[in-house]
Amino acid sequence: MIKARSVAIIGGGIGGLTVANALKRIGMSVALYERAPYFIPTAGAAFGLQPNGQASLAHIGFKDQIEKTLHPFMKWNIINDNCEIVATSDKLSELGKRYGYFMGGTIRSELVDILKEPLEKDGVLYYSHNVINIKQDNDGVTISFENEKQQKPIRVDMVIGADGIHSTVVKQIFTQTAPSIYSKENIFFGMIDNIDQHTSINPIITAKNTFVQYFGRGQAMTCRAGNEGQYMWAVTYPSVTPPSTSDDAEWTKMNNQRELDHYLSRFPQSHFIHQCVAATDKQRLLHFGLYYRQHRNDGWHRNRICLLGDACHATLPYVGQGANMAIEDAISLAMCLEKYNFQMEPAFQEYYKKRFNRTKRIVDMSRYMGLLYHSQNPIIHSIRQRMLPWFITSDMMTKRFEKELFENCPIPLK
Ligand SMILES: Cc1cc2nc3c(=O)[nH]c(=O)nc-3n(C[C@H](O)[C@H](O)[C@H](O)COP(=O)(O)OP(=O)(O)OC[C@H]3O[C@@H](n4cnc5c(N)ncnc54)[C@H](O)[C@@H]3O)c2cc1C
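Residues numbered from 1 in each chain as written. Predicted model: local features only at pLDDT ≥ 70, side-chain atom pairs only at ≥ 80, totals over all residues. Heavy atoms only, no water.

As recorded by an unreviewed UniProt entry, the chain carries the name FAD-binding domain-containing protein and is attributed to Rotaria sordida.

Engineer: Describe the environment of Pro153, with residues and values.
Structural biologist: In this fold, Pro153 is placed in the loop between strand 10 (141-145) and strand 11 (154-156). Each C-alpha atom of the pair Pro153 and Leu264 lies 49 Å from the other, and the pair is 111 residues apart in sequence. In this structure Pro153 touches Thr142, Ile143 and Ser144, once residues within four positions along its chain are discounted. (Helix = DSSP H or I, 4+ residues; strand = E, 2+ residues; numbered from the N terminus. Contact = heavy atoms within 4.5 Å.)

Engineer: Explain the sheet that holds strand 10 to me, and be specific about the residues and the numbers.
Structural biologist: The strand order across the open sheet formed by three strands is 9-10-11, and the pairing between neighbours is antiparallel. Every other strand in the sheet has two partners, leaving strand 9 (131-136) and strand 11 as the edge strands with one partner each. Averaged over all neighbouring strand pairs, the angle between strand axes comes to 25°, with direction disregarded. Summarising the sheet, strand 10 and strand 11 pair through three bridges and their orientation is antiparallel. Residue Ile143 lies in a different strand from strand 11, and its bridge partner there is Ile154. (Pairing = 2+ DSSP bridges. Axes fitted to C-alpha atoms, helices over the stretch in contact; angles between N-to-C directions.)

Engineer: Would you mind going over the side chain of His129 in detail, with residue names and values included?
Structural biologist: In this fold, His129 is placed in the loop between strand 8 (125-126) and strand 9. Polar contacts involving the side chain of His129 include one to the main-chain carbonyl oxygen of Tyr127, which spans 2.7 Å. Setting aside chain neighbours within four positions, we find His129 in contact with Tyr33, Glu34, Arg35, Phe145 and Gln151. (Polar contact = N/O pair within 3.5 Å; in protein donor to acceptor, adjacent residues only side chain to side chain.)

Engineer: Summarise the pairing of strand 1 (residues 6-10); cite the residues concerned and give the values.
Structural biologist: Most of strand 1 sits inside the fold, with five of its five residues counted as buried. Side chains Ser6, Ala8 and Ile10 project from strand 1 onto one buried face, and the interleaved Val7 and Ile9 project onto a second face that is buried too. Pairing between strand 1 and strand 2 (residues 29-33): five bridges, direction parallel. The partner of Ser6 across the bridge, within strand 2, is Ser29. (Buried < 20%, exposed > 50% of the residue type's maximum accessible area, 1.4 Å probe, protein only.)

Engineer: Which residues make up the state of the cysteines, and what are the values?
Structural biologist: Applying the stated rule across the entire model yields zero disulfides. Unpaired in terms of disulfides, Cys306 finds its nearest cysteine sulfur in Cys312, a separation of 7.4 Å. On the accessibility criterion, Cys306 (1% relative accessible area) is buried. (Disulfide = S-S within 2.5 Å.)

Engineer: Give a detailed account of the sheet that holds strand 2, specifying residues and quantitative values.
Structural biologist: Taken in spatial order, the six strands line up as 8-2-1-12-19-18 in an open sheet, and their pairing is mixed. This sheet does not close on itself; its edge strands, each paired only once, are strand 8 and strand 18 (301-302). Sheet analysis places strand 1 next to strand 12 (residues 158-161), joined by four bridges and oriented parallel. Within strand 12, the residue paired with Ala8 across the bridge is Val159. Against the sheet, helix 1 (residues 14-25) contacts strand 1, strand 2, strand 8 and strand 12, and its axis sits at roughly 165° relative to strand 2. Lying on the sheet, helix 12 (residues 344-374) is in contact with strand 12, strand 18 and strand 19 (305-307); it crosses strand 19 at an angle near 15°.

Engineer: Lay out the nonpolar core in plain terms, naming residues and giving numbers.
Structural biologist: Counting 111 residues, the largest nonpolar core has Leu23, Ile143 and Met158 as the members making the most contacts within it. Excluding residues within four positions of it along the chain, Leu23 makes contact with Val7, Met28, Val30, Met158, Ile160, Ala334 and Leu337. (Core = buried A, V, L, I, M, F, W, Y, C linked by side-chain atoms within 4.5 Å.)

Engineer: Could you give an account of the environment of Ile134, naming the residues involved and the relevant values?
Structural biologist: Relative to the helices and strands, Ile134 resides in strand 9. For Ile134, a relative accessible area of 8% translates into the label buried. C-alpha separation for the pair Ile134 and Leu372, spaced 238 residues apart in sequence, amounts to 41 Å. Here Ile134 is in contact with Val141, Thr142, Ile143, Val169, Gln172 and Ile305, once residues within four sequence places are set aside.

Engineer: Describe the pattern of salt bridges, with residues and values.
Structural biologist: In the structure shown here, the tally under the stated rule is 17 salt bridges. A salt bridge links Asp137 to Arg155, with the shortest nitrogen-to-oxygen separation between them at 2.8 Å. You can see Asp137 sitting in the loop between strand 9 and strand 10 and its partner Arg155 sitting in strand 11, a full 18 residues away along the chain. Taking the relative accessible area as the measure of exposure, Asp137 reaches 37% and is therefore partly exposed. Asp329 is the salt-bridge partner of Arg355, the closest N and O atoms lying 2.7 Å from each other. With Arg355 in helix 12 and Asp329 in helix 11 (residues 322-339), the pair connects residues that are 26 residues apart, well separated along the chain. For Arg355, a relative accessible area of 2% corresponds to the buried category. Among the charged side chains, a network of salt bridges with common partners joins Glu328, Asp329, Arg355 and Arg358. (Salt bridge = Lys/Arg side-chain N within 4 Å of Asp/Glu carboxyl O.)

Next comes the structure, spelled out in structure tokens:
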């Protein structure tokens, strides 16, 4: 069986950064290649860093840093057009206290900073390296970069494709690759710095440690995302076309003011979403189409090259698990490699077996949630409005979260 010692990771997203740290920790020689010239602090906004993601990162030594950056949710409120609370639940707090990990929000750039630091220190994180070609043979893998003159091809034992939803690695190793699927839903996404200074926003919306959701003309959610007063809001809505098709550009800019104005006109002037948009700096306003990827059922590796994260199972955001699944993949892959003493074939096979159903459940669940949240059908709308308040306070919800977030994590929680 062929063993790997040196590994090149393609893509410095949350998945790539996590796997680089995890493999470094078990003694592999790691190099991470990211095509961006640096991590732009305003690229992206925030996301849910859930107990399973936190436990996985704690397993590779990031427990204290994660605790500092996480803004935990104790309360879950559902509100109506007039910012009145129609349902409230303390179940998230109970769950967090029981397991020692709270559901919460985190700023993407803060998490990136935490994960990149040990790699930069070791000089193994290479920016401005856009991988364009990968060739493997019996003895190793050769990787070539776009800037051929300055960046000579490199040779390694093993490659991990962590290059996101528009993955180049996927196209290189599989002859047939279905494109990612547009969900016919778009998102406006904003970050507000120093929310406490923006007192015009109703305090019900901006309360600390509170996750707020609204369902009506699409779905809206808001929450504190960091411990420094940063505040995230997002609205998702059905659409026929995505606003932009160009790779990661969508994470860095808001490119359709007219669509935003049109969308906002559906809400009464008193609706909180107007205030959220008004308080958001243009630089922190994003707009993009929501995509997912159909699960490959023919394995996630070919010989020496293996995939993780959005490259093999991109999901919609409705259960807040995209980054957490990439983190879990990274930990699971490192555990399999360690278990099989760095023999790639059995390790990759076991990794795929462990991760396939787990990630498929999340991708499917998110799709169904998206359909439920955005349905214009009056019957479904009425069932949803009745069910959600019941759901967030029910034991069924707690049990479902326990099962999905705690029991099925590669790192068992108590
Ligand atoms: C800039 C950015 C901002 C984001 N912001 C948010 C957010 O605010 N909220 C949210 O919920 N999700 C956000 N996401 C998505 C979320 O981080 C991912 O869905 C999830 O974490 C899965 O991560 P991943 O590592 O599999 O892929 P990604 O996070 O998409 O990372 C892929 C990385 O690979 C790099 N890459 C791609 N092709 C190549 C190549 N050929 N050579 C070298 N490098 C390459 C990309 O530049 C990127 O850094 C963002 C993603 C990106 C890239």
